[in-house]
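Descriptive analysis of the structure
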Amino acid sequence: MSEERSLNFLEEIIEQDIAAGTHNGRVHTRFPPEPNGYLHIGHATSICLNFGLAKKYNGKCNLRFDDTNPTTEETEYVENIKNDIKWLGFQWDNEFYASDYFDKLYEFATLLISKGLAYVDDSTAEEIAATKGSTTTPGTNSPYRSRTIEENLHLFTEMRAGKYKDGEKTLRAKVDMAHPNLLLRDPLMYRIKHEHHHRTGNKWCIYPMYDFAHGQSDSIEEITHSICTLEFIHHRPLYNWFIEQLGIFPSRQYEFARRNLTYTVMSKRKLLQLVNEKHVTGWDDPRMPTISGMRRRGYPPEALRTFSDTIGIAKRENIVDIGMLEFCVREQLNKKANRVMAVLDPVRLIVTNYPEGVTEVFHAENNPEDQSAGTREVPFSRELWIEREDFMEEAPKKFFRLAPGNKVRLKNAYIVTCDGCVKDESGTITEIHCTYLPESKSGNDTSGLTVKGTIHWVSIQHAKTAEVRLYDRLFRVEDPSNEDGDFKDYINPDSVQTLPSVFIEPAMAKTMPGQSVQFMRKGYFCADTDSTPDRLIFNRTVTLKDAWAKEQKRN
RNA sequence: AGUUUGAUAGUGUAACGGUAGCACCCCAGACUCUGACUCUGUUAGUCUAGGUUCGAAUCCUAGUCAAACUACCA
């Protein structure tokens, strides 16, 4: 029995609308990315919101590319965005492009000119900025503001026909140059750009501005609830003004606070910089907060969805602890990922009373959380690799691993007693010796002993190797954008550590790219997209919680 | 400075005039063939000052702080 969750403010609005019979209770949202970059975790929240709301209220959600600026937009981005949305687990009802509406938008503009509500302005960008006024002073009217309707219609036709150069003329809405909201001081509707568009080619040389495209696109699609982030709140009066003056379907805009995450940056500009300046290997670098980066890192889509649900939605400034995301990732992977043994920092363990040349095969359960995951074969022999940190010559009381005289369980195998170690001239430990108890065999233990510690291992003779990349946070500080100086000064120099040759158990040889596993006691790892059976590569998705590490930190 | 938003444990989010709750984190313990998972318990909060009211996180007034806006980007 799950308790009824309280509604977020958007759900409240929608339920009120449904109760009031607005649009006959129909709910239709849209996700409107600009195809000029890759989607990141912030977009994921918006995707979950828009698609989630549509699903919850039996409505629809469109995917609409906001492609009104040919300078920055590319088809490559379109494909990646679609891929990311699908991977997150959502399917749009319609795939649209703002550029689909260029003809309609042109008609709308002509209509506004005819109503005396728009005019062609010859002012330069500088002149427009100069006459805009400020927050405390009103702007002044453009000298071209009083052109006749006929003249405006004629000039606008010429603009479209390509008679003018970039920036020579613009189409502006005639609203109010003294309006306290700067956005309503005769905003630009169209600008001239003699550029090739990724979909309309060279058909147009004038392109609508965001404000003259977004609301009308919503309206054309009869979007009922147009959900966007807080910075568009100032645009809402303009959004409504165009819809009202045009007399078209009254879509309504609602704003929520974008989600920020600790230890990362989210702006497209900054992410692009990280890519271009090679601080990361690409948009899908596992350290990036992009959806493609998180996918490559091994974050499951379910985790991103539950994260989005868990953090909720509101209108206040926020910065969510990345630990919350990592919790959702672990929660999901704990249920799904098979357990395997891998030794990252090896040291040799010799079971001195185990016969030489003998191999014993154990059947290990793949996932204690999921019996249906089955078992796998794990070979055991006299010489094993174990984790260097699992042995201490002089151990504190609370150390439950190998130390002279201590007993531990070798996971899935036997209980062993540590007898000591061998060192080289420099004092480095080269071998650890132990003796095993034959009657403590896993699954058939008659020894009656219980031990405090269990460690993982890999048989030296049977071990395979893999490259392992240990990822950490990309930045050293919680909010790099909010620190003095350049955000790049705060990049974590140790955000990735590559271990070229880690020992893994043979059952892992067939791990497929994208597959997640748990390296027991070490963390969740995901086979990289570049991983092949001949050259296995694993990315650390997230560590396991480590109470022992915490304990040590305290001392 | 103007406009607009907003302010609840460390973080995120509820409570819609009637017991300030949930999740993450932290801490203590139980369990454990992963020091994982799971389970139990605990710490900790209404920006400030007035007012209305039997009763205020919630309503009113004033203040404080924060963010966004001031692109021929979206």
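Criteria and thresholds
Residues numbered from 1 in each chain as written. Chains lettered and ligands numbered in written order. Predicted model: local features only at pLDDT ≥ 70, side-chain atom pairs only at ≥ 80, totals over all residues. Heavy atoms only, no water. Near = heavy atom within 4 Å. Polar contact = N/O pair within 3.5 Å; in protein donor to acceptor, adjacent residues only side chain to side chain. Helix = DSSP H or I, 4+ residues; strand = E, 2+ residues; numbered from the N terminus. Phe/Tyr/Trp six-rings, centres within 6.5 Å; stacked < 30°, edge-to-face > 60°. Buried < 20%, exposed > 50% of the residue type's maximum accessible area, 1.4 Å probe, protein only. Lys NZ or Arg CZ within 6 Å of the ring centre and 35° of its normal. Axes fitted to C-alpha atoms, helices over the stretch in contact; angles between N-to-C directions. Parallel < 35°, antiparallel > 145°, perpendicular 65-115°, else oblique. Left-handed = near helix turned anticlockwise from the far one by under 90°. Contact = heavy atoms within 4.5 Å. Nonpolar A, V, L, I, M, F, W, Y, C, P; charged D, E, K, R; others polar. Pairing = 2+ DSSP bridges. pLDDT = per-residue confidence, 0-100. Domains from an automatic or database assignment. Buried area = accessible area lost by both parts, 1.4 Å probe. Salt bridge = Lys/Arg side-chain N within 4 Å of Asp/Glu carboxyl O. Expected span 1.5 Å × (residues − 1). Arc of directions from axis to C-beta. Core = buried A, V, L, I, M, F, W, Y, C linked by side-chain atoms within 4.5 Å.

Taken together, 63 residues form the shell around RNA strand B, and within it Glu12, Arg191, Arg339, Ser442 and Gln518 come nearest. The sugar-phosphate backbone supplies 61% of the atoms of RNA strand B found within 4 Å of the protein. For RNA strand B, a base nitrogen lies 3.3 Å from a polar atom in the backbone of serine 123. Here glutamine 518 contributes a side-chain N or O atom positioned 2.6 Å from a base nitrogen of RNA strand B. Those elements giving two or more residues to the surface near RNA strand B turn out to be β6 (188-192), α11 (301-311), α12 (322-336) and α13 (547-554). In terms of residues, the surface near RNA strand B owes the most to one element, α13, which gives 4 residues.

Now for the packing of aromatic side chains. Taken as a whole and assessed by the stated rule, the structure comprises 27 aromatic pairs. Residues tyrosine 38 and tyrosine 77 carry aromatic rings whose centres are separated by 5.6 Å and whose planes lie at 85° to one another, so their mutual orientation is edge-to-face. Highlighted residues: tyrosine 38 in the loop between β1 (28-31) and α2 (41-56) and tyrosine 77 in helix α3 (residues 75-88), separated in sequence by 39 residues. The exposure classification of tyrosine 38 matches that of tyrosine 77, with both residues buried. Look at phenylalanine 380 and tyrosine 414: their rings are 5.5 Å apart centre to centre, the planes differ by 65°, and that puts the pair in the edge-to-face class. One end of the pair, phenylalanine 380, is in strand β14 (residues 375-380); the other, tyrosine 414, is in the loop between β16 (407-410) and β17 (415-423), and 34 residues separate them in sequence. Phenylalanine 380 sits in the buried class, given a relative accessible area of 0%. For tyrosine 414, a relative accessible area of 4% translates into the label buried. Through pairs of rings, three or more aromatic residues link up here, namely Phe102, Tyr106, Phe156, Tyr190, Trp204, Tyr207, Phe212, Trp241 and Phe242. Stacked on the ring of tyrosine 164, the Lys or Arg lysine 169 has its end atom at 4.2 Å from the ring centre. Arginine 295 extends its terminal NZ or CZ atom over the ring of tryptophan 87, reaching a point 5.2 Å from the ring centre.

What follows concerns the packing of helix α7 (residues 210-220) against helix α8 (residues 236-246). The geometry of α7 relative to α8 is characterised by a closest axis approach of 9 Å and an angle of 60° between their N-to-C directions. Classified by the angle between their axes, α7 and α8 sit oblique to one another. Where α7 crosses over α8, the handedness of that crossing is right-handed. Here α7 contributes Asp211, Phe212, His214, Gly215, Gln216, Asp218 and Ser219 to the contact with α8, which in turn contributes Leu238, Tyr239, Phe242, Ile243 and Leu246. For the contact of α7 with α8, a count of residues per class yields 6 nonpolar, 4 polar and 2 charged.

This part covers the pairing of strand β24 (residues 523-527). Side chains on a regular strand alternate between the two faces of the sheet. Most of β24 sits inside the fold, with 5 of its 5 residues counted as buried. As judged from the 4 bridges shared by strand β23 (residues 516-519) and β24, these two strands associate in the antiparallel manner. Looking across to β24, one finds that serine 516 is bridged to cysteine 526. Connecting β23 to the next strand, β24, in antiparallel fashion are 3 residues, including arginine 521 with a positive phi near 70°.

Detail in the predicted coordinates should be disregarded across regions flagged by low pLDDT. For chain A, per-residue confidence averages 96 on the pLDDT scale, and residues scoring 70 or more make up 99% of the total. In the predicted assembly, ipTM is 0.96 and pTM is 0.96.

Before going further, it helps to spend a moment on the domain arrangement of chain A. Here the domain parsing of chain A yields domain 1 (18-256), domain 2 (268-338 + 466-554) and domain 3 (342-456). Each of domain 1 and domain 2 has a C-alpha centre, and the two are 36 Å apart. Counting residues at the interface gives 21 residues for domain 1 and 19 residues for domain 2. Broken down residue by residue, the surface that domain 1 buries against domain 2 is led by Tyr38, Ile41 and Trp87, which jointly contribute 36%. Inspection of the domain 1/domain 2 interface yields 1 salt bridge. We note a salt bridge from aspartate 84 to arginine 295, for which the minimum N-O separation is 3.0 Å. Counting the contacts that link domain 1 with domain 2 gives 5 residue pairs in polar contact (both at pLDDT 80 or more).

With that out of the way, let us pick up helix α6 (residues 149-161). Taking 1.5 Å of rise per residue, the 13 residues of α6 would be expected to cover 18 Å, and the 18 Å separating its terminal C-alpha atoms lies within 8% of that figure. Considered for burial, the residues of α6 that qualify are Asn152, Leu155, Phe156, Glu158 and Met159. For α6, the angular spread of buried residues about the axis comes to 160°, placing them on one side. Turned more than 90 degrees off the buried face of α6, the exposed positions are Glu150 and Ala161. On the buried face of α6, the contacting elements are α4 (102-114), β4 (118-121), β5 (170-173), β6 and β7 (206-208). Once α6 ends, the next one or two residues include glycine 162, with phi positive near 90°.

Here the focus is the side chain of aspartate 285. Here aspartate 285 lies in the loop between α9 (268-276) and α10 (291-297). Within the local environment of aspartate 285, its side chain forms a polar contact with the backbone nitrogen of threonine 281, the two atoms lying 2.8 Å apart. Within the structure, the side chain of aspartate 285 is placed 2.8 Å from the backbone nitrogen of arginine 287, a separation counted as a polar contact. Apart from residues lying up to four places away in sequence, aspartate 285 is in contact with Val280, Gly293 and Tyr471.

In this section: the sheet that holds β24. Ordered in space as β10-β23-β24-β25-β21-β22-β11, the 7 strands form an open sheet in which the pairing is mixed. Edge positions in the sheet fall to β10 (338-340) and β11 (342-343), since each has one partner strand and no second. Against the sheet, α12 contacts β10, β23, β24 and β25 (537-543), and its axis sits at roughly 120° relative to β25.

Looking now at the pattern of salt bridges. Considering all chains together, one arrives at 41 salt bridges under this definition. When the shortest N-O distance is used, the salt bridge between aspartate 186 and arginine 145 registers 2.7 Å. Remark: arginine 145 occurs in the loop between α5 (125-130) and α6 and aspartate 186 occurs in the loop between β5 and β6; sequence separation between them is 41 residues. When sorted by exposure, aspartate 186 lands in the same class as arginine 145, which is buried. Three or more residues are tied together by salt bridges with common partners; here these are Asp284, Arg296, Glu467, Arg469, Asp528, Asp530 and Arg535.

Judged by nonpolar contacts, the single largest core of 38 residues is most densely connected at Ile41, Ile47, Phe51, Ile85, Leu261, Phe307 and Leu325. Elements with a minimum of two residues in this core: α2, β2 (60-65), α3, α10, α11 and α12. With 6 residues, α2 is the single largest residue contributor to this core. Split by domain, the residues of this core number at least three in each of domain 1 (18-256) and domain 2 (268-338 + 466-554). In contact with phenylalanine 51, other than residues within four places in its own chain, are Phe31, Cys61, Ile85, Phe90, Gln91 and Trp92. Listed in part, the 34 residues of the second largest apolar core include Ala118, Val120, Tyr207 and Tyr239.

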